[in-house]
Amino acid sequence: MTHALIVIDVQNDFCPGGALAVPQGDEIVPGINTLMKAFDHVILTQDWHPAGHSSFASSHPEKSPFDMTEMPYGPQVLWPDHCIQGSHGAAFHPDLETDRAALIQRKGMNPAIDSYSAFFENDHTTPTGLDGALQSVGITDLTLVGLATDFCVAYSALDAAKLGFKVTVRSDLCRAIDLNGSLAEARDNMAAAGIDLS
Ligand code: VGL
Ligand code: ZN
């Protein structure tokens, strides 16, 4: 058993003051830094969109942030502009310990497809390459922490479970957006997939 820690999207735009702030998103940083010390293998993910990304409400006339739209791959929430490549908002929270990370997995770079999961874009078929990177070093178990519980953490956890990893989500080291019941739905889906929500 080789166990890796994946720290999802602990970036300025998802913390208070950011473009898509998750309430209390910054509270989890000290606990994540402590938890990292217990893992030999640490991976960070970074939401990393080109300007004008199709998941931004600003790219759709007549739409507002948090409206829904229909993409070729299914329904999609439209977000405020966030995590634009190279911006301050896309940078990791300044207190997040990044030195021990073996790999930074960026996602959301394809202008036409959003990517909540660290493993697949939102079409559920285009891989990011993270699965292969983990398998090739013998990782079998994953612990996930970060932002946001009900979007990028949940999508990553569900894909990881589908790919055959044994998955734990440390809910105390995650914070949620909670849009129209999305947190309860995400927790139900993760529990049903056999994910340990400790
Ligand atoms: C996320 C919405 C849009 C996340 C990323 O990290 O949970 N949510 N992009
Ligand atoms: Zn995003």
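None of these values were measured; they are calculated from a predicted model.

1. As for helix 4 (residues 182-192)
Part 1 of the reasoning: Listed in full, the buried residues belonging to helix 4 are S182, A186 and M190. Along the long axis of helix 4, the arc covered by the buried residues comes to 65 degrees, so they all point the same way. Opposite the buried face of helix 4, at more than 90 degrees from it, the exposed residues are E185, D188 and A192.
Part 2 of the reasoning: On its buried face, helix 4 sits against helix 3 (149-162) and strand 7 (166-175).

2. Considerations on the coordination of the zinc ion (ligand 2)
Part 1 of the reasoning: Protein-derived ligands of the zinc ion (ligand 2) are D47 (OD), H49 (NE2) and H82 (NE2), with the metal-ligand distances lying across 2.0 to 2.2 Å.
Part 2 of the reasoning: Spacing between the donor residues of the zinc ion (ligand 2) along the chain follows D-x1-H-x32-H.
Part 3 of the reasoning: You can call H49 buried: its relative accessible area is 0%.

3. A short note on the packing of aromatic side chains
Part 1 of the reasoning: Taken as a whole and assessed by the stated rule, the structure comprises six aromatic pairs.
Part 2 of the reasoning: Centroid distance W79 to F151: 5.0 Å. Interplanar angle 90 degrees. Geometry classified as edge-to-face. Of this pair, W79 sits in the loop between strand 4 (74-77) and strand 5 (101-107) while F151 sits in helix 3, and the two are 72 residues apart along the sequence. Residues W79 and F151 agree in their burial class; the two are buried.
Part 3 of the reasoning: With centroids separated by 4.8 Å and ring planes inclined at 80 degrees, the aromatic side chains of Y116 and Y155 adopt a geometry described as edge-to-face. One end of the pair, Y116, is in the loop between strand 5 and helix 2 (130-136); the other, Y155, is in helix 3, and 39 residues separate them in sequence.
Part 4 of the reasoning: Using a relative accessible area of 6% as the deciding quantity, one classes Y116 as buried.
Part 5 of the reasoning: For Y155, a relative accessible area of 30% gives the class partly exposed.
Part 6 of the reasoning: The structure contains a cluster of three or more aromatic residues connected by ring pairs, namely F66, W79, Y116, F151 and Y155.
Part 7 of the reasoning: Over the ring of W48 we find R106; its NZ or CZ atom is 3.7 Å from the centre of that ring.

What counts, and at which threshold
Residues numbered from 1 in each chain as written. Chains lettered and ligands numbered in written order. Predicted model: local features only at pLDDT ≥ 70, side-chain atom pairs only at ≥ 80, totals over all residues. Heavy atoms only, no water. Buried < 20%, exposed > 50% of the residue type's maximum accessible area, 1.4 Å probe, protein only. Helix = DSSP H or I, 4+ residues; strand = E, 2+ residues; numbered from the N terminus. Arc of directions from axis to C-beta. Contact = heavy atoms within 4.5 Å. Donors = N, O, S within 2.8 Å, 3.2 Å for Na, K, Ca; no water. Phe/Tyr/Trp six-rings, centres within 6.5 Å; stacked < 30°, edge-to-face > 60°. Lys NZ or Arg CZ within 6 Å of the ring centre and 35° of its normal.

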